[in-house]
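# Results of the structural survey
In case you want the letters, here they are:
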Amino acid sequence: VAPAVGIDLVEIERVERALERRPRLADRLFTSAELAYARERARPGRHLAARFAAKEAVIKVLRPNDEALPWQTIEIVKHAAGWVGVALKGAAAEIAARAGVHELALSISHEAGFATAVAAAEVSNTRGTTE
Amino acid sequence: MTDEIRTIVEEHARLPQGIDELSDESDLFQAGMTSHASLSVMLALEDEFGIEFPDRMLKRNVFGSIASIRSALTELGVPVA
């Protein structure tokens, strides 16, 4: 078993501008539950940017090679106590199972103009380095 | 089509070197394109060519070079001009 970690940093305004310009983009990047959560908040873009960073951090842990990995197959879930977790579906779940990714943990944060996320996991299958 | 792709990559991939230094087969990720920049490239391609990349094409290799982008666009029915 080896540890794996992924980190990502997102400029909140960039995400907001991209979503404003392309109405369909939100449904491609986020699940309906993620959108519903963010839209109840004062500045949805901040929460969506944090979720996008979290998905990218998870992708860095999953390290897909030449496999399609749609963003909606990585769902960021908020627990009642305030912590976030991740639910993998479809392609993301398959890649995780094949790579032996266990105990995927996540932390997100946002401040001023940026949102950031870190994902960590235990990986039981040896993998080649991807760069 | 290749000229339009090269222009979009130059504007959105945020590479340290000029697009003229890259061949159609050069690896854009090796050249410094980040995953966020590849998303910008994807969205700009969709705007330019009026297409939408389906889920099955949301993988690193599709956006890995000018040539791979060109074959993806051709597969999506964009005419080779």
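Residues numbered from 1 in each chain as written. Chains lettered and ligands numbered in written order. Predicted model: local features only at pLDDT ≥ 70, side-chain atom pairs only at ≥ 80, totals over all residues. Heavy atoms only, no water.

## Description of the interface of chain B and chain A
Across the contact, 19 residues belong to chain B and 20 residues belong to chain A. Summed over both partners, the interface of chain B with chain A comes to about 1,600 Å²; 45% of that surface belongs to carbon and sulfur atoms. On inspection of chain B and its partner chain A, the count reaches 5 salt bridges. The partner of A:R21 in a salt bridge is B:D47, with the nearest N and O atoms 3.3 Å apart. Remark: the boundary between chain B and chain A carries 10 residue pairs in polar contact (both at pLDDT 80 or more). (Contact = heavy atoms within 4.5 Å. Buried area = accessible area lost by both parts, 1.4 Å probe. Salt bridge = Lys/Arg side-chain N within 4 Å of Asp/Glu carboxyl O. Polar contact = N/O pair within 3.5 Å; in protein donor to acceptor, adjacent residues only side chain to side chain.)

## Quick notes on the packing of aromatic side chains
Any pair of aromatic rings gets described here by the distance separating the centres and the angle formed by the planes. The tally for this structure, following the rule as stated, stands at 2 aromatic pairs over all chains. With centroids separated by 6.3 Å and ring planes inclined at 40 degrees, the aromatic side chains of A:F52 and A:W71 adopt a geometry described as tilted. Linking A:F52 in helix α4 (residues 44-62) with A:W71 in the loop between α4 and β2 (74-78), this pair joins segments that are 19 residues apart in sequence. No difference in accessibility class separates A:F52 from A:W71, as the two residues are buried. Considering the side-chain rings of B:F53 and B:F63, the 5.0 Å spacing of their centres and the 70 degrees angle between planes classify their relative orientation as edge-to-face. Pair noted here: B:F53 is in the loop between α2 (35-49) and α3 (66-75) and B:F63 is in the loop between α2 and α3, with a separation of 10 residues, a long-range link. Judged by its relative accessible area of 2%, B:F53 is buried. Its end group placed over the ring of A:Y37, A:R41 keeps NZ or CZ at 3.9 Å from the ring centre. (Phe/Tyr/Trp six-rings, centres within 6.5 Å; stacked < 30°, edge-to-face > 60°. Helix = DSSP H or I, 4+ residues; strand = E, 2+ residues; numbered from the N terminus. Buried < 20%, exposed > 50% of the residue type's maximum accessible area, 1.4 Å probe, protein only. Lys NZ or Arg CZ within 6 Å of the ring centre and 35° of its normal.)

## Topic: unusual backbone geometry
For A:R63, which is not glycine, the phi dihedral falls at a positive 45 degrees. Mapped onto the fold, A:R63 is located in the loop between α4 and β2. Backbone geometry places B:R14, a non-glycine residue, at a positive phi of 50 degrees. Relative to the helices and strands, B:R14 is located in the loop between α1 (2-12) and α2. Residue class for B:R14 comes out partly exposed when judged on its relative accessible area of 46%.

## Comments concerning the pairing of strand β5 (residues 114-123) of chain A
Along any regular strand, the residues point their side chains to alternate faces of the sheet. Residue and element names in this part refer to chain A. Because side chains alternate across β5, one face comprises the buried residues A115, A117, A119, A121 and V123, and the other comprises F114, T116, V118, A120 and E122, none of which is buried. In terms of strand pairing, strand β1 (residues 2-11) meets β5 through 10 bridges, oriented antiparallel. By the bridge assignment for β5, L9 is matched with T116. Linkage of strand β4 (residues 101-111) to β5, two consecutive antiparallel strands, is achieved through a turn of 2 residues, within which A112 is found at a positive phi near 45 degrees. (Pairing = 2+ DSSP bridges.)

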